[in-house]
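Here are the chains, one letter per residue:
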Amino acid sequence: MAVTNASPSPPPDPRPALAGVLDPAARAWLDGGAAEVAAEPGAVRRLFPAVRRDCGRGRLTPYWTVDEAARAVLLTALPLSGRALADEVSRLHRHGDPAEQRAVLRTLPLLDLGDLALPLVREALRGNDTTLIEAALGPYAAAHLPDAEYRQAVLKCVFCEIPLARVSGLDTRADRELARMLADFAHERIVAGRDVPQDVRPLLRAHPDVVDAVVGPALKDAFTEADVLEEED
């Protein structure tokens, strides 16, 4: 069942930021491309891979790179919705390189897709490319990924050392079961003499009784010494 109680903030509209960095030729290319896509949706298949060549790359905002933002402009120009839009977006993702796939994943919250793009999120989460995992766990996944899959995705981020601050919706979707899973992870780390990641600790502090049940009295001191349950200095 899709999640209905999470309301993550959508990503910022990329157009204002792009207007400040694209030169006149790049702006004209992107404006023309968006108009072409709006008139003929199939044109996006030709234009989407050409974005880096014509618009450049590099960090634009904390959310977007230049090429991701420009590709988002093309995707949001598609005059499609529902299954037709999902099929076109899936085609671009399937045939794209990792940069194109990241752009698709980051643009999902701006598209009229409902749950139809969840297969793309799941595909990214099954892989080992941390940039795709991070891109997949944006506002779209926070709003649509079922609870069990969302928890597993968070745990995968911990194992892959992806900062949890980059996971959208964690403030509203973290629950007792996720705390239990993270307590199991922390328990294993401490038994192995390894550190518990700092960004796991707030999620554990929110459910200290869950941690107590998982750890048991024998390792409670170890958790305390590791500062798992103490406030940040």
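Heads up: the structure comes first, above all this text.
Residues numbered from 1 in each chain as written. Predicted model: local features only at pLDDT ≥ 70, side-chain atom pairs only at ≥ 80, totals over all residues. Heavy atoms only, no water.

Colleague: How should the pattern of salt bridges be read in this particular structure?
Modeller: Any two side chains of opposite charge can pair, so long as their charged atoms come close to each other. All chains considered together, the criterion is met by 17 salt bridges. Taking the shortest distance from any N to any O, the salt bridge between Asp-67 and Arg-52 comes out at 2.9 Å. In this pair, Asp-67 sits in helix H5 (residues 66-76) while Arg-52 sits in helix H4 (residues 51-55), placing the two residues 15 residues apart along the sequence. Using a relative accessible area of 2% as the deciding quantity, one classes Asp-67 as buried. Residue classification places Arg-52 among the partly exposed residues on the basis of a relative accessible area of 27%. In this structure, Asp-209 engages Arg-176 in a salt bridge whose closest nitrogen and oxygen atoms are separated by 2.9 Å. (Salt bridge = Lys/Arg side-chain N within 4 Å of Asp/Glu carboxyl O. Helix = DSSP H or I, 4+ residues; strand = E, 2+ residues; numbered from the N terminus. Buried < 20%, exposed > 50% of the residue type's maximum accessible area, 1.4 Å probe, protein only.)

Colleague: Hey, could you run me through the environment of Pro-49 in this one?
Modeller: If you trace the backbone, Pro-49 turns up in the loop between helix H3 (44-47) and H4. The class for Pro-49 is partly exposed, based on a relative accessible area of 43%. When the C-alpha atoms of Pro-49 and His-95 are compared, they prove to be 9.6 Å apart, with 46 residues separating the residues in sequence.

Colleague: Explanation requested: the packing of helix H2 (residues 24-39) against H5 in the structure shown.
Modeller: When two helices pack together, their arrangement is given by the angle between the helix axes and by the axis-to-axis distance. Contact geometry for H2 and H5: axes closest at 8 Å, N-to-C directions at 30°. Taken together, the axes of H2 and H5 are roughly parallel relative to one another. Here H2 and H5 pass one another in a crossing that is right-handed. Contacts from Leu-30, Gly-33, Ala-34 and Val-37 of H2 reach H5 at Ala-70, Val-73 and Leu-74. Of the residues contributing to the contact of H2 with H5, the split by class is six nonpolar, one polar and no charged. (Axes fitted to C-alpha atoms, helices over the stretch in contact; angles between N-to-C directions. Parallel < 35°, antiparallel > 145°, perpendicular 65-115°, else oblique. Left-handed = near helix turned anticlockwise from the far one by under 90°. Contact = heavy atoms within 4.5 Å. Nonpolar A, V, L, I, M, F, W, Y, C, P; charged D, E, K, R; others polar.)

Colleague: Can you walk me through the packing of helix H6 (residues 82-95) against helix H7 (residues 98-107) in this structure?
Modeller: Put simply, H6 and H7 touch, their axes get as near as 7 Å, and they point 150° apart. With respect to their mutual orientation, H6 and H7 come out roughly antiparallel. Contacts between H6 and H7 involve Val-89, Leu-92 and His-93 from the first element and Gln-101, Val-104 and Leu-105 from the second. Taken together, the residues of the contact of H6 with H7 break down into four nonpolar, two polar and no charged.

Colleague: Could you clarify how one ought to interpret the side chain of Arg-173 in this entry?
Modeller: Mapped onto the secondary structure, Arg-173 falls in helix H12 (residues 170-173). We classify Arg-173 as buried; its relative accessible area is 7%. Here the side chain of Arg-173 touches Leu-145 through a polar contact of 2.7 Å, landing on its backbone oxygen. (Polar contact = N/O pair within 3.5 Å; in protein donor to acceptor, adjacent residues only side chain to side chain.)

Colleague: Help me understand H6, please; the structure alone is not making it clear to me.
Modeller: Residue pairs three or four apart in sequence face the same way in an α-helix, which turns once every 3.6 residues. In this model H6 runs 20 Å from its N-terminal to its C-terminal C-alpha over 14 residues, within 8% of the 20 Å that 1.5 Å per residue would give. Residues of H6 that are buried include every one of Leu-85, Ala-86, Glu-88, Val-89, Ser-90, Leu-92 and His-93, and no others. (Expected span 1.5 Å × (residues − 1).)

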